[in-house]
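Take a look at the letters that make up each chain.
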Amino acid sequence: MSIENQSQAMTRRGFLQNSGIGFGGIALASLLQQDVAGGTLTPHIAPRAKHVIYLHMIGAPSQLDLFEPKPELVKRHNQPCPAEVTKDRDFAFIGKTSTLAGSPFKYTKHGSCGHSFSELLPNLASVSDEIAMIHSIHTEEINHAPAQMFLHSGFGRGGRPSFGSWVSYGLGSENENLPGYIVLLSGPKGGAGTSLWSSGFLPSIHQGIQFRSEGDPVLFLSSPQEHTTKDRRQVIDTLSDLNRQQLAATGDPEIETRIEQYEMAFRMQASVPDLMNLEGESRETLALYGAEPGKASFANNCLLARRLVERGVRLIELYDADWDHHSGLDKRLPAKCKQTDQPIAALIMDLKRRGLLDDTLIVWGSEFGRTPLRQGGNAKGTSVAGRDHHKDAFTMWLAGGGVQGGVSYGRTDDFGMDIVENGVHVHDLNATILHLLGIDHERLTYRYQGREFRLTDVHGNLIRPILA
């Protein structure tokens with residue numbers, strides 16, 4: 001081969017393949033460094049929160065029976081709803097001719113801020129002054145799966161990155177032994193399933209990793225019987241070598257993800273069992289949460305969330321099922337509150353006493369709210385009423401992580417049907433959460449199929465009055 005031909009053959013890929021390090025090695029080193037030090041950007045602004053614990057109540061609790069007392073609605077209970085209230089409005093299941101339904105639960109004000117809580121949330125009421133209430137959230141979707149996806153991805157259909165994936169892409173992880181984005185479930189998945197923590201078109205390294213309370217915390221994390229740590233290391237090294245060769249040949253970024261996932265899995269084999277073992281927690285702490293080591297429960301997941309924050313995990317999402325109360329509201333809602341009220345309040349108190357609440361943002365909410373109209377039930381009481389979906393006005397709350405506790409923002413009308421003051425779109429909420437993490441939501445973008453995408457699409461305004 002002539003010198004000229006040799007020069008032509010010495011392509012960039014050939015150089016990297018024949019060099020001592022190789023493209024795969026460079027990519028792996030870069031990827032591992034990014035995973036520890038951060039993501040694709042440095043914070044745009046000074047972050048107020050380093051971690052987020054997102055509590056999603058799957059199915060949508062009734063804000064009218066938990067956070068929003070409506071005396072006029074109670075006064076007109078069982079009366080026909082005025083036609084003008086439901087005019088030009090769609091509901092998921094009930095018609096436009098409906099009956100008003102006041103809450104059967106008593107309300108009292110709590111804390112120096114005077115937040116109203118129903119009798120179903122006595123523990124959460126005790127930390128009232130830590131909470132910023134937003135009573136004027138509204139969304140675009142009226143059914144569960146699309147609304148869940150809209151809340152978490154800014155889009156009502158699958159294929160877009162989840163909120164947690166955007167955060168992972170933007171900021172990376174602070175812990176080299178655990179994923180930066182972890183999901184915990186109590187009960188079955190929501191209607192949108194795993195798309196709620198999907199990475200969408202972002203590199204798959206940014207997807208949420210589901211941890212389980214029983215069996216292997218992560219599927220296939222344990223090594224086969226009689227397979228030692230040394231054996232596992234040999235397998236990982238061999239696979240990494242093969243993957244590096246494939247990466248050098250193709251340049252496929254998903255191979256980078258595969259390399260890091262194998263390495264992360266190896267590190268997790270040592271770190272996860274200790275994390276998931278609650279036996280080391282004091283009796284007082286277990287009692288505070290109502291947690292029981294070895295059992296699957298929302299209370300255990302709240303305690304695990306605190307432990308994950310302590311270990312530097314950036315984004316933890318807790319999904320709790322069975323809040324879809326189209327009927328039997330008088331029994332089913334109290335039962336769910338009994339399961340969740342104590343551990344949520346405990347999480348706030350525990351983070352605060354450990355000095356972690358200031359940089360940990362807690363978000364509580366659901367895909368939409370509930371109507372002030374009765375659904376189902378009859379005069380004989382043989383079937384008990386519930387409430388239908390309501391996307392136009394509902395309540396979410398935040399605590400810690402740069403939020404001003406005790407604030408109440410937004411207001412609805414006397415029935416809780418329409419927003420009359422300071423409406424907050426889901427895009428506004430997501431823009432504000434990103435802001436608290438130090439991210440300008442307009443600058444966190446990813447180019448895909450020829451255009452720039454972002455979590456908030458072309459929308460989103462900061463909810464400045466709730467910021468500390």
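Residues numbered from 1 in each chain as written. Predicted model: local features only at pLDDT ≥ 70, side-chain atom pairs only at ≥ 80, totals over all residues. Heavy atoms only, no water.

(A) Focus on helix α8 (residues 163–171). By the criterion of burial, α8 is predominantly enclosed, with nine of the nine residues buried. Those residues of α8 not exposed but buried are Phe163, Gly164, Ser165, Trp166, Val167, Ser168, Tyr169, Gly170 and Leu171. A positive backbone phi angle near 70° is found at Gly172, which sits one or two residues after α8. (Buried < 20%, exposed > 50% of the residue type's maximum accessible area, 1.4 Å probe, protein only. Helix = DSSP H or I, 4+ residues; strand = E, 2+ residues; numbered from the N terminus.)

(B) View of the environment of Cys337. Note on placement: Cys337 falls in helix α13 (residues 329–353). By relative accessible area, which is 1% here, Cys337 ends up buried. Apart from residues no more than four positions distant in its own chain, Cys337 is found in contact with Leu66, Leu120, Leu121 and Trp323. (Contact = heavy atoms within 4.5 Å.)

(C) Inspection of the pattern of salt bridges at higher detail. Applying the stated rule across the entire model yields 23 salt bridges. In this structure, the salt-bridge partner of Asp320 is Lys336, at a minimum N-O distance of 3.0 Å. Here Lys336 lies in helix α13 and Asp320 lies in strand β7 (residues 315–320), a separation of 16 residues in the sequence. What makes Lys336 buried here is its relative accessible area of 6%. One connected set of salt bridges, linked through shared partners, spans Glu281, Glu284, Arg306, Arg307, Glu310, Asp350, Arg353 and Arg354. (Salt bridge = Lys/Arg side-chain N within 4 Å of Asp/Glu carboxyl O.)

(D) Fine view of the environment of Gly154. Position of Gly154 among the secondary structure elements: in the loop between α7 (144–153) and α8. Every residue in contact with Gly154, bar those within four places of it in the chain, is listed here: Met149, His427 and Leu455.

(E) Quick look at the nonpolar core. Counting 53 residues, the largest nonpolar core has Ile53, Leu124 and Trp397 as its most contacted members. Beyond its immediate chain neighbours, meaning those up to four positions away, Ile53 contacts Ala305, Val309, Ile316, Leu318, Leu347, Leu351, Thr360, Leu361, Ile362 and Val363. Judged by nonpolar contacts, the second largest core, of 50 residues, contains Val52, Ile134, Val167 and Val407. (Core = buried A, V, L, I, M, F, W, Y, C linked by side-chain atoms within 4.5 Å.)

(F) Focus on the pairing of strand β3 (residues 115–118). The alternating pattern of β3 places His115 and Phe117 and Ser116 and Ser118 on opposite faces, both of which are buried. Two strands pair when backbone bridges link them, and strand β2 (residues 107–110) and β3 are joined in this way by four bridges, in the antiparallel orientation. When the bridges of β3 are listed, His110 appears paired with His115. Where β2 folds back on β3, the antiparallel hairpin that results is connected by four residues, among which Gly111 adopts a positive phi of roughly 70°. (Pairing = 2+ DSSP bridges.)

(G) Up close: unusual backbone geometry. One non-glycine residue, Ala60, lies in positive phi territory at about 85°. Topologically, Ala60 is positioned in the loop between β1 (51–57) and α4 (71–75). Backbone geometry at Asp322 places phi at a positive 75°, although glycine is not the residue there. Mapped onto the fold, Asp322 is located in the loop between β7 and α13. Take Asp322: its relative accessible area is 44%, and that puts it in the partly exposed class.

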